[in-house]
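A closer look at the structure
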Amino acid sequence: MDAIGRFMIESRAPEDTEIVKLRGRVITVSDRVAAGEAEDRSGPLAVALLTDFGVETEFPTLVPDEQFEIAQAVRSALAEGVDVVLLTGGTGIGPRDVTPEAVKPLLDKELPGICEAIRAATREHVPTADLSRMVAGTIGESLVLAFPGSTGGVRDGIAVAGPLLAHAVDVLRGGGHPRQAHGRESVVSNVAGASMLNLAFCQVTENELNTSEHVVAVSRSGAGAVVTFVGVVRDHDNGRDVVELEYEAHPSASAVLVDVVTRLGPEGGNVTVAVSHRTGQLKIGDAALVVAVSAAHRAPALATCARIVDNVKEYLPVWKHQTFADGTDEWVNCA
């Protein structure tokens, strides 16, 4: 065996492994690939390797390194009922690497053991493995995996995760455990059989917020009311003229935002929610918080939206740094 061969991880299913057919979706995250400026090598490889473990996929979906578009691609795949979503790319520490930020807020449960196992298996021959921010977790009855955007990263990741896929999906479907009803979106019910909150997406992001994207995310054929709240940066505060504003978030802010929203539950009836809070440097008039809520009727939509806004302002660990026209500045420990 040559020097390269020594370090390759076997990526095919063992001969005695029973292949269970699953539906999958591969999403390649890359600005250059999405723009047609580079060839997608990791996505087609993922499609081929997943087949060895019984996951039937189509050609990869290509998206740029944009948090909203990544999350939308995941949600679209889940809406089609796929069992496994595998993303390749955007898991590093570069300024455009935002796949974990897009995926983690969507997860119901994280599976850190998969990522730890991949690092352990590759650390000796890939010293930079510990810099990868791979993601593994569940959404409803589906597995979601986010691996590096290299052929080696895909090969090593599937070698570790592949043998676990069929069993994991079986458990999510209720195999070996009492089955729990669970939709394709994150769902919270505050009264069994009565009210339901569907979380389209929930994020803390440095990207500019687009209200229409939130409206599209929550729109449903059965929704007769779509309510939005947009918190914008104003040019004054307590009688002083504001010239600059910056939001700084605690590392846990994304997880806290999901917890704050889902703990509330809907205000009667079934509602769908999309929430984003922006961080970084904002200009006067920029949107800092966008909340969109849809429901069959206006009352639960309006009430749920108001409760979300109030609780985000009270509990989200985001600090506001304001600079005033007189040269003074101020930190405020609330969103």
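So, how was this worked out
- Residues numbered from 1 in each chain as written.
- Predicted model: local features only at pLDDT ≥ 70, side-chain atom pairs only at ≥ 80, totals over all residues.
- Heavy atoms only, no water.
- 1 Å grid on protein atoms, 1.4 Å probe; cavity = no way out; pocket = protein on both sides within 12 Å on 5 of 7 lines; lining within 4 Å.
- Points joined across faces, edges and corners; volume = space filled by probe spheres on them.
- Helix = DSSP H or I, 4+ residues; strand = E, 2+ residues; numbered from the N terminus.
- Buried < 20%, exposed > 50% of the residue type's maximum accessible area, 1.4 Å probe, protein only.
- Polar contact = N/O pair within 3.5 Å; in protein donor to acceptor, adjacent residues only side chain to side chain.
- Contact = heavy atoms within 4.5 Å.
- Pairing = 2+ DSSP bridges.
- Core = buried A, V, L, I, M, F, W, Y, C linked by side-chain atoms within 4.5 Å.

Comments concerning empty space enclosed by the protein
- Scanning all chains against the criterion turns up one cavity of 30 Å³ or more.
- Approximately 40 Å³ is the volume found for the largest cavity.
- Lining the largest cavity are Gln67, Ala71, Glu101, Ala102, Pro105, Leu106, Phe201, Cys202 and Gln203.
- Among the elements of the structure, helix H3 (67–79), helix H4 (99–103) and strand S9 (196–205) are those that each provide at least two residues to the lining of the largest cavity.

Focus on the side chain of threonine 88
- Structurally, the position occupied by threonine 88 is in strand S4 (residues 84–88).
- Residue classification places threonine 88 among the buried positions, given a relative accessible area of 1%.
- Within the structure, threonine 88 has its side chain in polar contact with the side chain of serine 42 (distance 3.0 Å).
- Once you skip the residues sitting within four places of it in the chain, threonine 88 turns out to touch Ile27, Thr28, Val29, Ser42, Gly43, Phe147, Pro148, Gly149, Ser150 and Val154.

Considerations on the pairing of strand S16 (residues 318–324)
- Judged by how many residues are buried, S16 sits mostly within the fold: five of seven residues are covered.
- Pairing analysis gives four bridges linking S16 to strand S17 (residues 329–332), with the strands arranged antiparallel. What sits directly across from histidine 321, in S17, is tryptophan 331.
- Linkage of S16 to S17, two consecutive antiparallel strands, is achieved through a turn of four residues, within which glycine 327 is found at a positive phi near 95°.

Quick look at the nonpolar core
- In this structure, Leu257, Val261, Val273, Val275, Val291, Val293 and Ile308 are the most contacted members of the largest nonpolar core, which totals 31 residues.
- When contributions to this core are tallied by element, the ones reaching two or more residues are S9, strand S10 (225–232), strand S12 (240–249), helix H9 (253–264), strand S13 (270–278), strand S15 (287–295) and helix H10 (298–315).
- Among the elements that line this core, the one with the most residues is H9, at six residues.
- Filtering out sequence-adjacent residues up to four positions away, isoleucine 308 remains in contact with Val261, Leu264, Val273, Val275, Val291 and Val293.
- If you look at the next biggest cluster of nonpolar residues, it comprises 28 residues, including Val29, Ala73, Ala102 and Val218.

As far as function goes, none of this settles anything; it's purely spatial.
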